[in-house]
Structures are given as C-alpha cells and as structure tokens.
Amino acid sequence: MILLNILQKPVLNTLFVPISASLFLLGCNAKETYDFPPACPKVTVLSSASDAYQFSNNTNDLAHLVTKASILGAEGNCIDDPKNEDNKEKKKRKKAYTDKIDTTMNVVIQVKRGPAAQERRYQIPYFITMIKNGEIIDKQQFVANVQFPDNIDQVTLKSDKILLKIPATPDRQPDGYELFIGFQLSPEQLAYNRDHFRPVQYKTY
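Residues numbered from 1 in each chain as written. Predicted model: local features only at pLDDT ≥ 70, side-chain atom pairs only at ≥ 80, totals over all residues. Heavy atoms only, no water.

## Considering the overall build of the protein chain
Check the secondary structure of the protein chain and you find three helices and 11 strands. Moving toward the C terminus, one meets the helices and strands of the protein chain in the order α-β-β-β-β-α-β-β-β-β-β-β-α-β. Taking all contacts inside the protein chain whose residues are at least 6 apart in sequence as the whole, residues at least 24 apart take part in 76%. Carbon and sulfur atoms provide 49% of the accessible area of the protein chain, an area that totals close to 11,600 Å². (Helix = DSSP H or I, 4+ residues; strand = E, 2+ residues; numbered from the N terminus. Contact = heavy atoms within 4.5 Å. Areas by Shrake-Rupley, 256 points an atom, 1.4 Å probe, with all protein chains shown as cover.)

Spelled out as structure tokens, the structure:
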C-alpha cells in the first residue's frame, strides 16, 4: 500500500535541493562545533520498485526486453545545517526554531540493454520520498540519463548529489523522518515486478 501511495503521489519540492555532481561515501561528517555528527535518516530502497523493466511491442516476453534498470543502493553523508548556529540565539530567547540535518546523497543505478534495444541512450525516472509516521511529507522525481558506449551493454552510474534538509530534534536526530527510493513505475511495470519476483524485505541503509 505504501508503494502505491508513493507512486501516485504528485511531485513536491520543499525539502529537496539539487546540487552539482560529486560523490560521497556512506557516513556522516561532523561539524566543527560538535564532537560527533548528527544521525542520518534511515534510507530504504522499496523492493517492488527497485527494478524497472522496459519492453517493446506491448509484451512482457524477455525477447522484447529493451532495458532493465536496478537500484543498487545509496551513498551519502550528513552534517548540521549551517543555519542551526543562528537558532542558538532563538533558543536563548525562547523563540520557535527548527534545526535541520543536511543529508547529501547519490543513488547508484545499474542498467542493462536487452535484445530489443535499438538506442544507446535512455532516460529512466526514479524518486526519493520523505515519510514521517507513515505520512508522505515530500517527494521528488529525478531522471537517470543512461548512455551505453559502443560494444557495452551494461553500465553502472551514480546520480548527481541531492541535498535534503531533514528537520531535527534538539539532540540532532532526524525526528522520525525516513527516506524511500524507487523507480517511478507504470501500473504495468509494477504488476510485472509483483508477478515475476518473490516478495522480499525492503533494502535498508
């Protein structure tokens, strides 16, 4: 049910800040004013949306497979939002404030060309959704631009960095927020995944 809600949810854009391409390793970097980094939110790859099959001729026969894409995981880090320093004065004056955690991440995607592939460039949509207490707070859709070199039928790519500003508790925890990643699938693609693969647990990082 959660996956259907996510796929049908229109794209929002409130807590996501796209920034230029560069890579990070999974982990958290500390800010100079602290001895330890803030906690990162849990990141889950939705198993039913972790693969995206594209077929030609409106058939699910593997002989007509154009591309198969798989989300391999996510990489990123977490630091304190620089604006948190300004909140210290608000706290002293007992004014309302919300600290945030800057979560920077890349999505790692593998794409294979099938026997029906005729092009060497493809665009594959995927999403990152923020959820708190079972409620979808934010969703942003992205596109993986895939280019296969000559004589190469499988590539692995990393997305540009995506910056998410996660509301934090006073003890620098992500305040119950979780991130979910998956391909933006059509009803037919989702049905194919459910019909051809055994149910598995979400992949969590």
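## Points about unusual backbone geometry
We note that Asn57 has phi near 60°; this positive angle belongs to a residue other than glycine. Within the secondary structure, Asn57 sits in the loop between β3 (51-55) and β4 (65-80). With phi around 55°, Asn58 is a residue other than glycine that occupies positive phi space. With respect to the secondary-structure elements, Asn58 resides in the loop between β3 and β4. Residue Asn58 is classed as exposed on the basis of its relative accessible area of 85%. (Buried < 20%, exposed > 50% of the residue type's maximum accessible area, 1.4 Å probe, protein only.)

## Here we look at the nonpolar core
Ranked by internal contacts, the top residues of the largest apolar core, which has 44 residues, are Met105, Ile109 and Phe183. At seven residues, strand β6 (residues 121-132) tops the list of elements feeding residues into this core. Excluding residues that lie within four positions of it along the chain, Met105 makes contacts with Val43, Ala74, Glu75, Gly76, Ile128, Asp160, Lys161, Ile162, Leu164, Leu179 and Ile181. (Core = buried A, V, L, I, M, F, W, Y, C linked by side-chain atoms within 4.5 Å.)

## A short note on the environment of Asp51
Examined against the element boundaries, Asp51 turns out to sit in strand β3. Taking relative accessible area as the criterion, Asp51 reaches 17% and is therefore assigned buried. The residues contacting Asp51, other than those within four sequence positions of it, are Lys68, Ala69, Ser70, Phe183, Leu185 and Asn193. Of note is the side chain of Asp51, whose polar atom sits 2.6 Å from the side chain of Ser70. (Polar contact = N/O pair within 3.5 Å; in protein donor to acceptor, adjacent residues only side chain to side chain.)

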